[in-house]
Amino acid sequence: MKRKVYMDHSATTPLASEVLEAMEPYLKETFGNPNSIHAWGREARKAVSEARNKIAELINGEAREIIITGGGSEADNLAIKGSAFALQDKGRHIITSAIEHHAVLDTCDWLQKMGFEVTVLPVDSNGIVDLEELKRSIRNDTILVTIMYANNEVGTIQPVKEIINIAKERGVRVHLDGVQAVGHIPVDVKELNVDLMTLSAHKMYGPKGVGALYVKKGTKLVPLVHGGGQEYNLRSGTENTAGIVGFGAASELAKRRLENGEHLKEAQLRDKLLSGIMKKIPHAHITGHPTQRLPFHASVCFDFIEGESLLLRLDAEGIGASSGSACTSGSLEASHVLLAMGISHERAHGSLRLTLGKDTTEEDIDYILEILPKVVEDLRALSPLGKDMNKR
Ligand SMILES: Cc1ncc(COP(=O)(O)O)c(C=O)c1O
């Protein structure tokens, strides 16, 4: 049987078995509505409350500061729209960066149509936000800086402490999109002194469709979903008990893994993968920051190749990878992240993202290093782009 190697953990992770086990009772016998007064309700309410504690512990926040949402995209929307509407009397200017996820960029675009002004900060060739430009961009009417903690396409980790300090000096609120970072690198909201941070369960071995917004005590937001007043009046709707319990179990797992240094072991395998690729494949370029990057994240561009055909060929060999983010792969548009980093359209089309997980083994890496060079060579031989290579 052909080997199957899933290398797309930035898109989503499998549900950990201990997470599924924790969730199961809440999909079956413990089905009560957490808002009900009776025993069924009390049991569900207790489970939600325990899970909230575990999520908070992972980022060193308080349980009261965790607002459960239906995923990372919703938490980003709540942070940005919720801040914009809460602070519009103070100002209508928002700052973000060119390499954000669409959940942030499209939300900012929408707010622009609603009369807000948005400044999009450039990044350098490693994907690091221009801090001098950030300082210059802050105005008296700036109400929010929203920047991602770590990038999903190239894995670059932003200098978030500096970003927060710059904004705080001018009294500006900061939101971090922590979807790719939380659970994979140590994150401490108290030490960062961040106001808002987005989390998503399915990026850290929890269930899909559950996320959270960390909301620092005293941070005013306008809710997007009105109704029964759940989640401290910030997100109404009967709680997704099993999903929240799963998120709690995933947070516990992530905390344990970080304490055991398992993310560092992942980084060693990732380094082996990247150095193997660079050794075996000519005209390959690592994208993203060489050191300030997520431990499980490898991304490269191959010249004279078409990313989509590469994905299909790898898929046929049992390797699940992606080119750019999950939502942009499948379309022929070059990634906005790579373009913002100054990578040419031509090179950006040959991008490949390989993201490791907790169960990735050395043998998996060896298999990729055996298959990938052959696939790249074959595709270059077949493609008109490959003919250009021979001319150089
Ligand atoms: C950086 C980043 N932000 C937000 C999201 C959206 O999260 P969700 O899939 O939970 O809506 C993703 C998902 O890929 C992401 O990578």
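Predicted model, so just to flag it, every value in this text is computed and none were measured. (Residues numbered from 1 in each chain as written. Predicted model: local features only at pLDDT ≥ 70, side-chain atom pairs only at ≥ 80, totals over all residues. Heavy atoms only, no water.)

K.L.:
When you look at the packing of helix α10 (residues 307-316) against helix α13 (residues 362-382) in this model, what are you seeing that I'm missing?
P.N.:
Put simply, α10 and α13 touch, their axes get as near as 10 Å, and they point 135 degrees apart. Here α13 runs oblique to α10, going by the angle between their axes. The two elements α10 and α13 cross, and the hand of that crossing is right-handed. Residues S309, L310, R313 and L314 of α10 pack against I371, L372, V375, V376, D378 and L379 of α13. For the contact of α10 with α13, a count of residues per class yields seven nonpolar, one polar and two charged. (Axes fitted to C-alpha atoms, helices over the stretch in contact; angles between N-to-C directions. Helix = DSSP H or I, 4+ residues; strand = E, 2+ residues; numbered from the N terminus. Parallel < 35°, antiparallel > 145°, perpendicular 65-115°, else oblique. Left-handed = near helix turned anticlockwise from the far one by under 90°. Contact = heavy atoms within 4.5 Å. Nonpolar A, V, L, I, M, F, W, Y, C, P; charged D, E, K, R; others polar.)

K.L.:
Explanation requested: unusual backbone geometry in the structure shown.
P.N.:
In terms of backbone geometry, most residues other than glycine have negative phi values and most peptide bonds are trans. One non-glycine residue, E231, adopts positive backbone phi at about 50 degrees. One can find E231 in the loop between β8 (211-215) and α8 (241-259). Here E231 falls in the buried class, since its relative accessible area comes to 6%. With a phi angle near 60 degrees, F304 is a residue other than glycine that sits in the positive phi range. (Buried < 20%, exposed > 50% of the residue type's maximum accessible area, 1.4 Å probe, protein only.)

K.L.:
Would you explain the packing of helix α1 (residues 17-27) against α8 in this entry?
P.N.:
Packed helix pairs are characterised by how far apart their axes lie and by the angle those axes make with each other. Packing of α1 against α8 brings their axes to within 8 Å, and their N-to-C directions diverge by 160 degrees. By the angle class used here, α1 and α8 are roughly antiparallel. Between α1 and α8 the crossing geometry is right-handed. Contacts between α1 and α8 involve E18, V19, A22, M23, Y26 and L27 from the first element and T241, A242, G243, V245, G246, A249, A250, L253 and R256 from the second.

K.L.:
Would you mind going over the nonpolar core with me for this structure?
P.N.:
The nonpolar side chains of a soluble globular protein tend to be buried, and buried together. Counting residues in each nonpolar core, the largest one holds 95 residues, and the members touching the most others are F302 and L372. The biggest single contributor to this core is α13, with nine residues. When residues of this core are assigned to domains, at least three fall in each of domain 1 (5-13 + 261-391) and domain 2 (17-258). Ranked by size, the runner-up nonpolar core spans 11 residues in total, among them I80, A84, L87 and L144. (Core = buried A, V, L, I, M, F, W, Y, C linked by side-chain atoms within 4.5 Å. Domains from an automatic or database assignment.)

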